[in-house]
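Structural characterization, general
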Amino acid sequence: MAADGTLGYEQARDELVEVVRRLEAGGATLEESLALWERGEELAKVCRRWLEGARARLDAALAAEEAEELAAGEAEQAAVDAEEAAAGRTEPPRER
């Protein structure tokens, strides 16, 4: 059994499944059942930390993508504005 800090998500999840299976099967003493339950709680925390970390990475990647798209749109608009200014159209066209 690896230390909780070095368990990967899949390892923790698989061990948690085994703990639940053993608890559901019954036949363990009260002390064994308590130890299994405590281990299950530790494994659930490990899984939760991995999932929260994954969510944070996804959120950061999506935010970076949005920022890039926004910057590209602003750069494109600046180029259009510069072209119009160079052509002598510094004001928006007026409706007739």
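A short tour of the structure in this document, coming up. (Residues numbered from 1 in each chain as written. Predicted model: local features only at pLDDT ≥ 70, side-chain atom pairs only at ≥ 80, totals over all residues. Heavy atoms only, no water.)

1. A look at the pattern of salt bridges
Going by this rule: A pairing counts as a salt bridge when a side-chain nitrogen of Lys or Arg comes within 4 Å of a carboxyl oxygen of Asp or Glu. Think of it this way: any DSSP run of H or I at least four residues long counts as a helix, any run of E at least two long counts as a strand, and we number them from the N terminus. Burial status follows relative accessibility: with a 1.4 Å probe on protein chains alone, a residue under 20% of its type maximum counts as buried, one over 50% as exposed, and anything between as partly exposed.
Tallied over the full model, the rule gives 5 salt bridges. Measuring nitrogen to oxygen at the nearest pair gives 2.4 Å for the salt bridge that ties arginine 21 to glutamate 18. Here glutamate 18 and arginine 21 lie together in helix H1 (residues 9–25), a separation of 3 residues that amounts to about one turn. Residue class for glutamate 18 comes out partly exposed when judged on its relative accessible area of 34%. Within the structure, one salt-bridge network assembled from shared partners comprises Glu15, Arg39 and Glu42.

2. Digging into the packing of H1 against helix H2 (residues 30–86)
Stated formally: An axis is simply a line fitted to the C-alpha atoms; with a helix, the fit covers only the stretch in contact. Between two such axes, the angle follows the N-to-C directions and lies from 0 to 180 degrees. Oblique is the label for any angle not under 35 degrees, not over 145, and not in the 65 to 115 range, which are roughly parallel, roughly antiparallel and roughly perpendicular in turn. Helix crossings get a hand from a simple test, with the near helix turned counterclockwise from the far one by less than a right angle marking a left-handed crossing and a clockwise turn marking a right-handed one. It only takes one pair of heavy atoms within 4.5 Å for two residues to be counted as in contact.
In the contact formed by H1 and H2, the axes pass within 9 Å of each other and the chain directions differ by 150°. The angle between the axes of H1 and H2 places the two elements in the roughly antiparallel class. By crossing handedness, the relation of H1 to H2 is classed as left-handed. Residue-level inspection shows Tyr9, Ala12, Arg13, Glu15, Leu16, Val19, Arg22 and Leu23 of H1 in contact with H2, the latter providing Ser33, Leu36, Trp37, Arg39, Gly40, Leu43, Ala44, Val46, Cys47, Trp50 and Leu51.

3. Topic: H2
Rule in force here: Expected helix span is taken as 1.5 Å per residue step, with the number of steps being one fewer than the number of residues.
With 57 residues, H2 extends 83 Å between its outermost C-alpha atoms, agreeing within 8% with the 84 Å of an ideal straight helix rising 1.5 Å per residue. Residues Leu36, Arg39, Gly40, Leu43, Val46 and Cys47 constitute the buried set of H2. Looking at the buried positions of H2, the neighbouring elements they touch are H1. Just downstream of H2 lies glycine 88, where phi reads positive at about 90°.

4. Focus: the nonpolar core
Put simply, the test is: The term nonpolar core refers to a set of buried residues drawn from Ala, Val, Leu, Ile, Met, Phe, Trp, Tyr and Cys, joined through side-chain atoms within 4.5 Å.
Of all hydrophobic cores here, the largest spans 7 residues; its members are Leu7, Ala12, Val19, Leu36, Leu43, Val46 and Cys47. Of all the elements in the fold, those that place two or more residues in this core are H1 and H2. If one sorts the elements of this core by residue count, H2 sits on top with 4 residues.

5. Overview of the environment of leucine 43
Relative to the helices and strands, leucine 43 resides in helix H2. Distance in space between the C-alpha atoms of leucine 43 and alanine 12 is 5.5 Å, their sequence separation being 31 residues. Excluding residues within four positions of it along the chain, leucine 43 makes contact with Leu7, Ala12, Glu15, Leu16 and Val19.

6. Regarding a negative patch on the surface
The cut-off we apply is this: Only residues whose relative accessible area exceeds 30% and that form no salt bridge enter a patch; like-charged residues are grouped when within 9 Å of one another, and nonpolar side chains (Val, Leu, Ile, Met, Phe, Trp, Tyr) when within 5 Å. Only the protein chains shown count as cover for residues, and all accessible areas are computed by the Shrake-Rupley method using a 1.4 Å probe. Counting rule applied: Lys, Arg positive; Asp, Glu negative; His and chain ends not counted. Every charge is mapped onto a representative atom, which is NZ of Lys, CZ of Arg, CG of Asp or CD of Glu.
On the surface, Glu65, Glu66, Glu68 and Glu69 cluster together to form a negatively charged patch. Position of glutamate 68 among the secondary structure elements: in helix H2.

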